[in-house]
Amino acid sequence: MGARVFTLCAIAAFVATASAGARPVATPGVTGTEIHLGSSVPLSGEAAIAGNVARGADAYFKYVNAKGGVLGRKIRFTYLDDGYDPGRAVNNTIRLVQQEQVFAVFSSLGTNNNLAVRKLLNEAKVPQLYVSSGATTFGRDYKKYPWTIGYIPPYSEEGVIYGKYIVKNIRKAKIAVLYQNDDYGRDLLAGLRRGLGAKAKSIVSRVGYDPTSSDVQPQVTQLKASKANVLMVFAFGKFSLQAFNAVSRLNWKPQIFVNDVSSASALMGIVPQKAANGAISIVFGKDPASPQWRNDKGIKLFQSILKQYGDGVGSRDLKDGYYTAGMATAYTMVNTLKKAGKDLTRQSVMNAATHLAEKGNPFVLPGIVLRTTPASRFPLTQVRLQRWQNNAWHAFGKLVSAKPG
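Residues numbered from 1 in each chain as written. Predicted model: local features only at pLDDT ≥ 70, side-chain atom pairs only at ≥ 80, totals over all residues. Heavy atoms only, no water.

Section: empty space enclosed by the protein
By the definition in use, this model includes four cavities of 30 Å³ or more. The computed volume of the largest cavity comes to approximately 560 Å³. Along its surface, the largest cavity is lined by 36 residues, and Asp-260, Val-261, Phe-284, Tyr-322 and Ala-325 are the ones closest to its centre. Looking at the lining of the largest cavity, the elements with two or more residues in it are strand 4 (128–131), strand 10 (280–283) and helix 13 (321–340). The element best represented in the lining of the largest cavity is helix 13, accounting for six residues. Of the residues that constitute the lining of the largest cavity, the class distribution is 22 nonpolar, eleven polar and three charged. In this structure, the second largest cavity spans a volume of roughly 50 Å³. (1 Å grid on protein atoms, 1.4 Å probe; cavity = no way out; pocket = protein on both sides within 12 Å on 5 of 7 lines; lining within 4 Å. Points joined across faces, edges and corners; volume = space filled by probe spheres on them. Helix = DSSP H or I, 4+ residues; strand = E, 2+ residues; numbered from the N terminus. Nonpolar A, V, L, I, M, F, W, Y, C, P; charged D, E, K, R; others polar.)

Observations regarding the packing of aromatic side chains
The relative placement of two aromatic rings is captured by the distance of their centres and the angle of their planes. In total, this model carries 19 aromatic pairs according to the counting rule given. Judged by centre distance (5.2 Å) and plane angle (40°), the rings of Tyr-84 and Phe-236 are tilted. Of the two residues, Tyr-84 sits in the loop between strand 2 (74–81) and helix 3 (86–99) while Phe-236 sits in the loop between strand 8 (230–234) and helix 9 (238–249), which places them 152 residues apart along the sequence. Of the two residues, Tyr-84 and Phe-236, neither departs from the other in class, the shared state being buried. Here the aromatic cluster, defined as three or more aromatic residues joined through ring pairs, consists of Tyr-60, Tyr-63, Tyr-309, Tyr-331 and Phe-363. In this structure, Arg-118 packs its charged tip against the face of Tyr-145, placed 3.8 Å from the ring centre. Lying over the aromatic face of Phe-396, Arg-387 brings its terminal NZ or CZ to 4.5 Å of the ring centre. (Phe/Tyr/Trp six-rings, centres within 6.5 Å; stacked < 30°, edge-to-face > 60°. Buried < 20%, exposed > 50% of the residue type's maximum accessible area, 1.4 Å probe, protein only. Lys NZ or Arg CZ within 6 Å of the ring centre and 35° of its normal.)

A word on helix 14 (residues 346–353)
For helix 14, the buried fraction is high: six of the eight residues fall into the buried class. Those residues of helix 14 that sit buried are Arg-346, Ser-348, Val-349, Met-350, Ala-352 and Ala-353. Lining the buried residues of helix 14 we find strand 4, strand 5 (148–150) and helix 13. (Contact = heavy atoms within 4.5 Å.)

Considerations on the pattern of salt bridges
What the rule picks out here adds up to eleven salt bridges. The closest approach of N and O atoms between Arg-88 and Asp-81, which form a salt bridge, is 3.5 Å. Note on Arg-88: relative accessible area 36%, which makes it partly exposed. The salt bridge partner of Arg-194 is Glu-157, with a shortest N-O separation of 2.8 Å. Here Arg-194 is found in helix 7 (residues 183–196), whereas its partner Glu-157 is found in helix 6 (residues 155–169), with 37 residues between them in sequence. Through salt bridges that share partners, Asp-58, Lys-62 and Asp-311 make up one connected network. (Salt bridge = Lys/Arg side-chain N within 4 Å of Asp/Glu carboxyl O.)

What to know about the environment of Gly-87
Checked against the element boundaries, Gly-87 lands in helix 3. In the structure, Gly-87 is positioned 232 residues away from Lys-319 in sequence and 32 Å away in space, judged by C-alpha atoms.

Section: the sheet that holds strand 2
Spatial strand order, 2-1-3-4-5: five strands in an open sheet with parallel pairing. The open sheet has two free edges, formed respectively by strand 2 and strand 5, since each of these has just one partner strand. Within this sheet the neighbouring strands show an average axis-to-axis angle of 20°, counted without direction. The strands touched by helix 4 (residues 111–123) within the sheet are strand 3 (104–106), strand 4 and strand 5, with strand 4 carrying the most contacts at an inclination of about 155°. Lying on the sheet, helix 13 is in contact with strand 1 (34–41), strand 2, strand 3 and strand 4; it crosses strand 4 at an angle near 145°. (Pairing = 2+ DSSP bridges. Axes fitted to C-alpha atoms, helices over the stretch in contact; angles between N-to-C directions.)

As for the pairing of strand 1
Across the eight residues that make up strand 1, a large majority, seven, are buried. Taken together, the eight bridges between strand 1 and strand 2 define a ladder with parallel strand orientation. Looking at the pairing, Ile-35 lines up with Ile-75 of strand 2. With two bridges connecting them, strand 1 and strand 3 associate as parallel partners. From the neighbouring strand, Leu-37 faces strand 3, where its bridge partner is Ala-104.

Description of the nonpolar core
Grouped together as the largest cluster of nonpolar side chains are 92 residues, with contacts concentrated most on Leu-37, Tyr-60, Phe-61, Ile-166, Ile-175, Leu-192 and Met-232. With ten residues, helix 13 is the largest single contributor of residues to this core. Setting aside anything within four residues of it in sequence, one finds Leu-192 in contact with Gly-159, Val-160, Tyr-162, Gly-163, Ile-166, Ile-175, Val-177, Ile-203, Met-232 and Phe-234. Listed in part, the 26 residues of the second largest apolar core include Ala-176, Leu-231, Val-233 and Val-247. (Core = buried A, V, L, I, M, F, W, Y, C linked by side-chain atoms within 4.5 Å.)

What to know about the pairing of strand 9 (residues 255–258)
Here four bridges tie strand 8 to strand 9, and the two strands are oriented parallel to one another. Note on strand 9: the bridge partner recorded for Val-233 is Val-258. Crossover connection from strand 8 via helix 9 to parallel strand 9: handedness right-handed. (Right-handed = clockwise from strand over helix to strand, strands pointing away.)

Some points on the packing of helix 2 (residues 52–66) against helix 13
One way to put it is that helix 2 packs onto helix 13 with a least axis distance of 6 Å and a crossing angle of 45°. Of the possible angle classes, the one that applies to helix 2 and helix 13 is oblique. Two packed elements cross with a definite hand, and for helix 2 against helix 13 that hand is right-handed. Residues Asn-52, Val-53, Arg-55, Gly-56, Ala-57, Ala-59, Tyr-60, Phe-61 and Val-64 of helix 2 touch helix 13, and the partners they reach there are Tyr-322, Tyr-323, Gly-326, Met-327, Ala-330, Tyr-331, Met-333 and Val-334. Partitioning the contact of helix 2 with helix 13 into residue classes produces 13 nonpolar, three polar and one charged. (Parallel < 35°, antiparallel > 145°, perpendicular 65-115°, else oblique. Left-handed = near helix turned anticlockwise from the far one by under 90°.)

Structure representation (structure tokens):
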């Protein structure tokens, strides 16, 4: 209770200071030579591997700076470790805005963490740009939170895509669902139900877990008891790994669907392959571990940038899709800053972010166009399906829409 009271007091102080200290002329985080962005991400703990999203973005910003920056300004990117803990994310965000005086918060990671800071950032009119979460609320609730915009495809529509695939391709499906019991997991589950339509009753078992849990293998054992032949893994980080481990240990052989944020090859490559083989997910970014992109110009650019500007990267990092995702987001951020113009303000960057028509992002799949309007804040709404075979993802089918109806 004491920590919660402290956090609430910190938020109140943050909003009061931001309002009282508002400067009518100077824009915080912007000088004649610099744009300062900040982020809160897990660099430690159960979701630490996802911190490579921030490291990838940082490398791309350094690459852009070496080429002259954005309209004469260099980007400084400060990202702080929150261990995937919403309380630490709040404290990090307060530090970034009050002490570091960042221009905007960019690509902070995690549904609960971003929800924890959204209200205070909007009250202070600090842009919360390209949130690293597909929770539908970050694109849907723009009227209440006009300073927030998401980036990756909304989880609800990802769930719809899986549901439609099951209806079309799996006869007599009996579906078990493991889901994180928060907006992230519930979005995916609700989308799955919509995609299944009249077949929603084929969900024979669903078990939610708390993101502070230590282990979800008992939940997987419970799901297996339902005699399901399809398993939806709507779980993140270590929980996804535990789910695959449990499936293997139980010698269960369902058709597995794993949600996008846990589908990186860096994760899939370390789970038991007898469980992983045949798993299905969605994809919108180029996977540097996939043989399909071995000679792709975008992946070659990614690897060149990471080698030159990444901190302490090794050969495994050059095949880590989290880094690539960070570069894709950073590419869009740079385009947004250019579109916002030389006379950069927080309002001008929000105007730019809500008028995207970005083609040719080298780190996303060919044919994807990132589009937004003031009333449509889902930049990435085109994906393909992919199947895990022989230690690699293989995309199949055409681009499909992940845009909310």
